[in-house]
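# Fold and geometry: a report
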Amino acid sequence: MVAALPAATISFLVSTAPAYADLKLCNRMSYVVEVAIGIDDKAATATRGWFRIDPAACRVVAQGTLTADRILLHARALGVYGSSPVPQSGNDTLCIAPDNFVIAAARQCRGGQTPAPFTQVNPTKTDDGHLVAYLAEGSEYDDEQARLAGIQRLLVIAGYDAAPIDGVDGPKTQGALAAFLKTRGLAAEVVQSPKFFATMIDAVQSPSTTGLTWCNDTPHKIMAAVGTDDGKTVISRGWYRIDPGKCLHPDVSGQPKQIFSFAEAVDGENRALKFRERPLNWGGTTQLCTRESKFEVNDQNDCGNRGLNPTGFTAVDMSSGGKTLRFAMP
């Protein structure tokens, strides 16, 4: 869990603007997210993060009386989901840092800080006198649906068939969940535990005997893409972020006849890294289409003329039912 940052860290913000009570953020998305908040005042703009919030959970991100002109928000999904699916449509660009941070002057980024889009939020007052704002996605889940959709999404990433991810319970989801629990030696009661999402994420980030697993044994962040061939259509999809020392299962649905993989190490700004003057990547000779941002491509012809990048993927031998690819320094 990302530790809550002390409210005292924003005590330098003082103005005659309206005072807010405790500020709570609630996650009605099917993703575990990390959130940074911005406190905008006439004299200064500060940011702090990260606050981790599970689906259907709420978290206090500012305690006590908080004086500010505007409250701003930036959210990102955990790396296990690949390229962050959380839309950022805000017009404010403020500074963030990779790990827990407090930035007092957040409009001028310094070493180790990067600019990110923040969106203004207008919290509503609850019956207990506090303020709450909701993180939501297009599906407009309620709490129960968001939690189930979050479980379905992680089951699919872990290699279990719980699709579609819709927040609707049924035999297919229950079967996938039961198989997950049995494989990990977990009791059914653990599903109701407040730590269940952490348990699932640990499982997703561990090698598996089924499906494809990527493991990052380098000190760098790695972005990976997967290709699948079902005999009719070849689909390439990316990017999946794999942090150093972590593993990840790309969400491969159905029963593809062939699976392909490509991965490359990147720096903090997602620029490809080189090692001894050569790109630090792991691929092969099968040319599939990619692009720099999040993508899913089902036509692998003439990539370059379509504004896509022809990228060399390697074929993965899945004959044993599972394969772990470990990315290490040369």
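Sequence order as written defines residue numbering, which begins from 1 separately in each chain. Totals for whole chains, interfaces and linings use every residue, but because this is a predicted model, local features are given only for residues with pLDDT of at least 70 and side-chain atom pairs only at 80 or more, for both listing and counting. Side-chain calculation: all heavy atoms of the structure are included, whereas hydrogens and water are not.

## A word on the nonpolar core
Here, nonpolar core means buried Ala, Val, Leu, Ile, Met, Phe, Trp, Tyr and Cys residues that are tied together by side-chain atoms lying within 4.5 Å of each other. Think of it in three bands: with a 1.4 Å probe and only protein chains considered, a residue is buried below 20% of the maximum accessible area for its type, exposed above 50%, and partly exposed in between. Core analysis: the biggest nonpolar cluster contains 60 residues, and Val-35, Tyr-81, Leu-154, Leu-155, Phe-180 and Trp-214 have the highest contact counts within it. Tallying contributions element by element places helix 3 (residues 196-204) first for this core, with six residues. Membership of the second largest hydrophobic core comes to 13 residues, among which are Ala-225, Phe-260, Phe-262 and Cys-303. In this text, helices come from DSSP runs of H or I with a minimum length of four residues, and strands from runs of E with a minimum of two, each type numbered from the N-terminal end.

## A closer look at the side chain of Arg-48
When you line up the elements, Arg-48 lands in strand 4 (residues 45-53). For the buried residue Arg-48, which engages in no salt bridge, the nearest side chain bearing the opposite charge is Asp-22, 8.9 Å off. In this structure the side chain of Arg-48 is engaged in a polar contact, spanning 2.7 Å, whose partner is the backbone oxygen of Val-61. A residue counts as positive if it is Lys or Arg and as negative if it is Asp or Glu; His and the chain ends are not included. For salt bridges, the criterion is a side-chain nitrogen of Lys or Arg within 4 Å of an Asp or Glu carboxyl oxygen. Polar contact is the term for a pair of N or O atoms within 3.5 Å; when the atoms are in protein, one must be able to donate a hydrogen and the other to accept it, and sequence-neighboring residues count only if both atoms are side-chain atoms.

## Quick word on the sheet that holds strand 12 (residues 131-136)
A sheet is described by the order of its strands in space; here four strands give the open sequence 5-2-12-11, paired in mixed fashion. Whereas interior strands pair on both sides, the edge strands pair on one side only; in this sheet they are strand 5 (58-62) and strand 11 (124-125). Strand pairing requires that DSSP identify at least two bridges connecting the strands.

## What about the state of the cysteines?
Two cysteine sulfurs form a disulfide in these notes if their separation is within 2.5 Å. Applying the stated criterion to the full structure yields four disulfides. Residue pairing for Cys-26: its cysteine sulfur links by disulfide to Cys-58, the two sulfurs lying 2.0 Å apart. Here the S-S torsion is close to 110°, and the disulfide linking Cys-26 with Cys-58 is therefore right-handed. One end of the pair, Cys-26, is in strand 2 (residues 23-28); the other, Cys-58, is in strand 5, with 32 residues separating them in the sequence. Exposure remark for Cys-26: the relative accessible area of 4% places this residue in the buried category. The disulfide partner of Cys-95 is Cys-109, and the gap between their sulfur atoms is 2.1 Å. Between Cys-95 and Cys-109, the S-S torsion sits near -105°, and that sign places the bridge as left-handed. Highlighted residues: Cys-95 in strand 8 (residues 92-96) and Cys-109 in the loop between strand 9 (101-103) and strand 10 (114-121), separated in sequence by 14 residues.

## Some points on the packing of aromatic side chains
Geometry of aromatic contacts follows a simple scheme: Phe, Tyr and Trp rings, the Trp one being its six-membered ring, pair when their centres are within 6.5 Å, and the pair is stacked under 30 degrees between planes, edge-to-face over 60, tilted otherwise. The final tally for this structure, using the stated rule, is eight aromatic pairs. Summarising the aromatic geometry, the rings of Trp-50 and Phe-101 are spaced 5.7 Å apart at their centres and angled 75° between planes, so their arrangement reads as edge-to-face. Of this pair, Trp-50 sits in strand 4 while Phe-101 sits in strand 9, placing them 51 residues apart in sequence. Across the pair, exposure class does not vary: Trp-50 and Phe-101 are buried alike. By way of ring pairs, the aromatic residues Trp-239, Phe-262, Phe-295 and Phe-313 are connected into one cluster. Lying across the ring of Trp-50, Arg-76 places its NZ or CZ 3.7 Å from the centre. For a ring to carry a charge above it, either NZ of a lysine or CZ of an arginine must fall within 6 Å of the ring centroid while also lying within 35 degrees of the normal to the ring plane.

## Thoughts on the packing of helix 1 (residues 143-157) against helix 3
Axes here mean lines fitted to C-alpha atoms, for a helix over just the part in contact, with angles spanning 0 to 180 degrees between N-to-C directions. Interhelical geometry of helix 1 versus helix 3 gives an angle of 15° and a closest axis separation of 9 Å. By the angle class used here, helix 1 and helix 3 are roughly parallel. Between helix 1 and helix 3 lies a crossing of left-handed hand. Within the contact between the two elements, helix 1 uses Arg-147, Gly-150, Ile-151, Leu-154, Leu-155 and Ile-157 and helix 3 uses Phe-196, Phe-197, Met-200, Ile-201 and Val-204. Under this scheme an angle from 65 to 115 degrees is roughly perpendicular, one under 35 degrees roughly parallel, and one over 145 degrees roughly antiparallel; angles in between are oblique. Crossing handedness follows the turn of the near helix against the far one: under a right angle anticlockwise gives a left-handed crossing, and clockwise gives a right-handed one. Only heavy atoms matter for contacts: two residues are in contact if any of them lie within 4.5 Å across the pair.

## Section: helix 2 (residues 171-184)
When the terminal C-alpha atoms of helix 2 are compared, their 20 Å separation across 14 residues agrees well with the 20 Å that a helix rising 1.5 Å per residue should span. Within helix 2 the residues assigned to the buried category are Thr-173, Ala-176, Leu-177, Phe-180 and Leu-181. In an axial view of helix 2, the angular spread of the buried residues amounts to 135°, which keeps them on one side of the axis. Helix 2 presents Pro-171, Lys-182 and Thr-183 as exposed residues on the side facing more than 90 degrees away from its buried surface. In this analysis, the expected span of each helix is defined as 1.5 Å times one less than the number of residues it contains. To be clear, the arc concerns the directions from the helix axis to the C-beta atoms.

## Concerning helix 1
Across its 15 residues, helix 1 extends 21 Å between first and last C-alpha, which sits within 8% of the 21 Å expected from 1.5 Å per residue. Of all 15 residues in helix 1, eleven are buried; the element is thus mostly enclosed. Where helix 1 is concerned, the buried positions are Ala-146, Leu-148, Ala-149, Gly-150, Ile-151, Gln-152, Arg-153, Leu-154, Leu-155, Val-156 and Ile-157. Of the surrounding secondary structure, the elements contacted by the buried residues of helix 1 are strand 2, helix 2 and helix 3.

## A closer look at the pattern of salt bridges
Pairing is possible between side chains that carry opposite charge, provided their charged atoms lie close to one another. What the rule picks out here adds up to ten salt bridges. With a shortest N-O distance of 2.8 Å, Arg-76 and Glu-34 are connected by a salt bridge. Of this pair, Arg-76 sits in strand 7 (residues 70-77) while Glu-34 is found in strand 3 (residues 33-40), placing the two residues 42 residues apart along the sequence.

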